[in-house]
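# Geometric and topological summary
In case you want the letters, here they are:
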Amino acid sequence: MKQIAAIYPGSFDPVTNGHLDLIYRGCKLFDHLIVAIAQNPDKGGSLFSLGERMEMLRAMTAEIDNVTVDAFEGLLMNYCIEKHANAVLRGIRAVSDYEFELQMALMNRKMEPSVETVFMMPAEKYSYLSSSIVREIAVFGGPLNGLVPELVEEHLRRRVAEKRAAAVEIPTK
Ligand code: PNS
């Protein structure tokens, strides 16, 4: 039977419980799932370095046999070809996500018709959750329990304190 390898791409700055929910769902559907952190120059400054984002994702997925964590630069479709992946996994939380996700999926399909985009919904309790909202809550010292794993919360609290001590503006958007 054909093996399905999927790429779950994203910025993961930082990984949230919503991302993890999707990873748990995806690893049941696909033979192999590569969580791929994009080094996206358009996204401006990220709160965490690529190495830190990778470390957090690896720690949170270490127990799952068919999940690996990697990073990529440039076009997602080139990365899919390089990894012999036949699918891209993306999460859709609300109708507002759909337009952008549809545009990306169709453009990716135009570039590489052999790769299918598969949309999955995270649990409803994560439907309002995003990395940017988590960063904003962290900046203002709000509660993060239930939104990110404890390890990620520790990293967030530490990073916010470091930035504050250095009087550096913290990216929330
Ligand atoms: O977590 P995000 O920021 O929603 O992820 C967006 C991401 C990384 C999946 C998207 O920006 C992407 O695929 N970037 C790689 C560059 C690329 O292939 N762009 C063309 C998309 S049609």
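These notes cover the structure that comes with them. Note that the structure is predicted; figures quoted are calculated from it, not measured.

Next up on the list: the nonpolar core. Y8, I23, L33, V35, L57 and L156 are the most contacted members of the largest nonpolar core, which totals 37 residues. For this core, the element with the highest residue contribution is helix α1 (residues 17–29), accounting for four residues. Those residues in contact with V35, other than ones at most four positions away along the chain, are Y8, F12, I23, L57, V67, T68, V69 and D70. Formed by 12 residues, the second largest nonpolar core is a distinct cluster that contains I7, A36, L76 and C80.

Next up on the list: the packing of helix α2 (residues 50–61) against helix α6 (residues 150–165). Two elements in contact, α2 and α6, have axes separated by 10 Å at closest approach and are oriented at 160°. Our classification of the angle between α2 and α6 gives roughly antiparallel. On α6, the residues that touch E52, E55, M56, A59 and M60 of α2 are L151, V152, H155 and R159. Residues of the contact of α2 with α6, tallied by class, amount to five nonpolar, one polar and three charged.

A separate point is the side chain of T16. One can find T16 in the loop between β1 (5–10) and α1. If we ignore the near neighbours within four places in the chain, the residues touching T16 are L129, S130, S131, V134, L147 and V148.

The next point concerns unusual backbone geometry. D13 connects to P14 through a cis peptide bond whose omega is 0°. Summarising the element assignment, P14 is placed in the loop between β1 and α1. At F12, a residue that is not glycine, the phi angle is positive and equals roughly 50°. Along the chain, the position of F12 falls in the loop between β1 and α1. By relative accessible area, which is 2% here, F12 ends up buried. The phi angle at H84 is positive, at roughly 55°, despite the residue not being glycine. Inspection of the secondary structure assignment puts H84 in the loop between α3 (76–83) and β4 (87–91). The exposed category is assigned to H84, whose relative accessible area is 67%.

With that settled, consider the side chain of D21. Of note, D21 is situated in helix α1. Side-chain polar atoms of D21 contact the backbone nitrogen of A123, separated by 3.2 Å. In this structure D21 touches M121, P122, A123 and Y126, once residues within four positions along its chain are discounted.

Basis of the calculations
Residues numbered from 1 in each chain as written. Predicted model: local features only at pLDDT ≥ 70, side-chain atom pairs only at ≥ 80, totals over all residues. Heavy atoms only, no water. Core = buried A, V, L, I, M, F, W, Y, C linked by side-chain atoms within 4.5 Å. Buried < 20%, exposed > 50% of the residue type's maximum accessible area, 1.4 Å probe, protein only. Helix = DSSP H or I, 4+ residues; strand = E, 2+ residues; numbered from the N terminus. Contact = heavy atoms within 4.5 Å. Axes fitted to C-alpha atoms, helices over the stretch in contact; angles between N-to-C directions. Parallel < 35°, antiparallel > 145°, perpendicular 65-115°, else oblique. Nonpolar A, V, L, I, M, F, W, Y, C, P; charged D, E, K, R; others polar. Polar contact = N/O pair within 3.5 Å; in protein donor to acceptor, adjacent residues only side chain to side chain.

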